[in-house]
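Notes for the structure review
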Amino acid sequence: MNWLDTLLQGILLGGLYALFAAGLSLVFGIMRLVNLAHGDLIVLAAFLIMLIVSSFGLNPFVAALIAAPLMFGLGWVLQYYLLNRTLGKDVLPPLLVTFGLSIVIQNGLLEAFTADSRRVSTGSLETASVQIGGVNAGLMPLLTFASAVLVILALNQLIYRTALGRAFRATSDDVVTASLMGIRPNSIFAVATGLAMMIVTVAALYLGMRANFDPTAGPARLIYAFEAVIIGGLGSLWGTLAGGVILGLAQTIGAAVNPEWQILAGHVAFLLVLLFRPRGLFPRAVD
């Protein structure tokens, strides 16, 4: 039964990692942009939610609803006025610019909030649990996993069932041809990054409610997001969920064997996938 509990906790932890990774996967699938500031943007959104909660006394979920359009606007502005200028055949400029953006965000948060770790209080929800097949599962991890599934479902519907999704796929396939058909790639890329920032807000909500965070917590979140994306396969949204689950399972199983092995076990799983399936388990471009 202990191992059953370990497996369940690993799967549910994978939902959080999938939320970390979904926005990264969306941006890469559409514009082949590797955003090194992704983890810091998650932490920025967590601080924004915390600030709204503490200033207005709102429920964290309501605060996230307020923060989401603000993060969308931030993502749109960053992409349209900054990151679009770096896109091209050379992958180095986006990496350098987003690395610099990561440093700016971290230092800005340190100036505004100090280095103290914070947490978004949720009251009784922090300890609430339900019984599943004789195993107790926390309500918060269950909500996290359900949110990850809903986010990926919504993204798939958006990409494959809407006019905006067709524009995403067209610009991903051929920017020049899409431009000739009346699509404005710069605006489409900005909307894609804005949507990614809304997903980041959902990830930040659960990060803030489930764990302590501080201004320097972004790079660790970025590593988990990258590992989930690469394990699942670049550009595959459902693969991102699978990658998150595999990473979560590896960490909880490693922790069950030896608490010191938790993080190491996840990295080992990532390296094994790279060794045998360099393109990930379910590689698929947004098309």
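The rules behind these values
Every chain's residues receive numbers from 1 upward, in the order its sequence appears when written. Since the coordinates come from a predicted model, pLDDT governs what is reported: local features require at least 70, and pairs of side-chain atoms require 80 or more to be given and counted, while whole-chain, interface and lining totals use all residues. As a convention, hydrogens and water are excluded, and side-chain values are obtained from all of the structure's heavy atoms. All axes here are fitted lines through C-alpha atoms, helices being fitted over the stretch that makes contact, and every angle between N-to-C directions spans 0 to 180 degrees. Secondary structure elements follow DSSP: runs of H or I no shorter than four residues count as helices, runs of E no shorter than two count as strands, and numbering proceeds from the N terminus. An angle below 35 degrees is read as roughly parallel, one above 145 as roughly antiparallel, one from 65 to 115 as roughly perpendicular, and any other as oblique. Note: crossing handedness is left-handed where the near helix turns anticlockwise from the far helix by less than a right angle, and right-handed where it turns clockwise. Any pair of residues with heavy atoms lying within 4.5 Å of one another is described as a contacting pair. In the scheme used here, Gly and all other residues not listed as nonpolar or charged are polar, with Ala, Val, Leu, Ile, Met, Phe, Trp, Tyr, Cys and Pro taken as nonpolar and Asp, Glu, Lys and Arg as charged. Exposure classes here rest on a 1.4 Å probe applied to the protein chains alone. A residue is buried below 20% of its type maximum, exposed above 50%, and partly exposed in between.

**Focus on the packing of helix α1 (residues 2-31) against helix α5 (residues 139-161)**
- Direction vectors running N to C along α1 and α5 enclose 30 degrees, while the axes themselves pass 7 Å from each other. Compared by their axis directions, α1 and α5 come out roughly parallel. At the point where α1 passes α5, the crossing takes the left-handed sense. Residue-level contacts link I11, L12, G15, L16, A18, L19, A22 and L26 of α1 to P141, L142, T144, F145, S147, A148, V151, L155 and I159 of α5.
- Of the residues contributing to the contact of α1 with α5, the split by class is 14 nonpolar, three polar and no charged.

**Notes on the environment of G280**
- Take G280: it is sitting in the segment after α11 (262-276).
- Judged by relative accessible area, which is 1%, G280 ranks as buried.
- With 51 residues separating them in the primary sequence, G280 and V229 have C-alpha atoms 8.1 Å apart.
- G280 has contacts with I230, I231, G232, G233 and V273, leaving out every residue within four places of it along the chain.

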